[in-house]
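What the coordinates show
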Amino acid sequence: MNHVDGNALAGDLREIFAVDLTAATGQCSGCGYKGSVASLRVYQNAPGVVARCPHCEEVVLRLVRGRDRAWLDLRGTVSLEIPLP
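Heads up: these notes are all about the structure in this document. (Residues numbered from 1 in each chain as written. Predicted model: local features only at pLDDT ≥ 70, side-chain atom pairs only at ≥ 80, totals over all residues. Heavy atoms only, no water.)

A short note on the pattern of salt bridges
As enumerated under the stated definition, the model contains five salt bridges in all. Where arginine 65 meets aspartate 12, a salt bridge forms, and the shortest distance between an N and an O atom there is 2.9 Å. Within this pair, whereas arginine 65 is found in strand E6 (residues 59-65), its partner aspartate 12 is found in helix H1 (residues 10-16), the two being separated by 53 residues in sequence. Classification of arginine 65 as partly exposed rests on a relative accessible area of 41%. (Salt bridge = Lys/Arg side-chain N within 4 Å of Asp/Glu carboxyl O. Helix = DSSP H or I, 4+ residues; strand = E, 2+ residues; numbered from the N terminus. Buried < 20%, exposed > 50% of the residue type's maximum accessible area, 1.4 Å probe, protein only.)

Digging into the pairing of strand E7 (residues 70-73)
Residues in a regular strand point their side chains to alternate faces of the sheet. Relative to E7, E6 runs antiparallel, the two sharing four bridges. Each residue of the ladder has a partner; that of valine 64, found in E7, is tryptophan 71. (Pairing = 2+ DSSP bridges.)

Concerning the pairing of strand E5 (residues 49-52)
Alternating positions in E5 separate cleanly, Val49 and Ala51 being buried on one face and Val50 and Arg52 remaining unburied on the opposite face. Note that strand E4 (residues 41-43) and E5 share three bridges and pair antiparallel. Residue pairing for E5: arginine 41 is matched across the bridge by arginine 52. Here E4 folds back onto E5 in antiparallel fashion, the turn holding five residues. In this sheet, E6 lies alongside E5 in antiparallel orientation, the contact comprising four bridges. Across the sheet, the residue bridging to alanine 51 is leucine 61, located in E6.

Quick look at the structure:
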């Protein structure tokens, strides 16, 4: 399955959050890897998007969008450090 990098999440996450989350640093709950959201492997061939850890392939983020709402699942993320302007 082909993937793109985590920068593909920028538009969708920008609609939900007031800051660019691709620059945020997340920690994988599977292996403890810390890296930017932009470094995640993003799979877009589904009803939503799935972002996996580039180190262990654990799912760290799922995002599904509806017409008037979005569902964000971060259960594969231990923490998310967000730089503020």
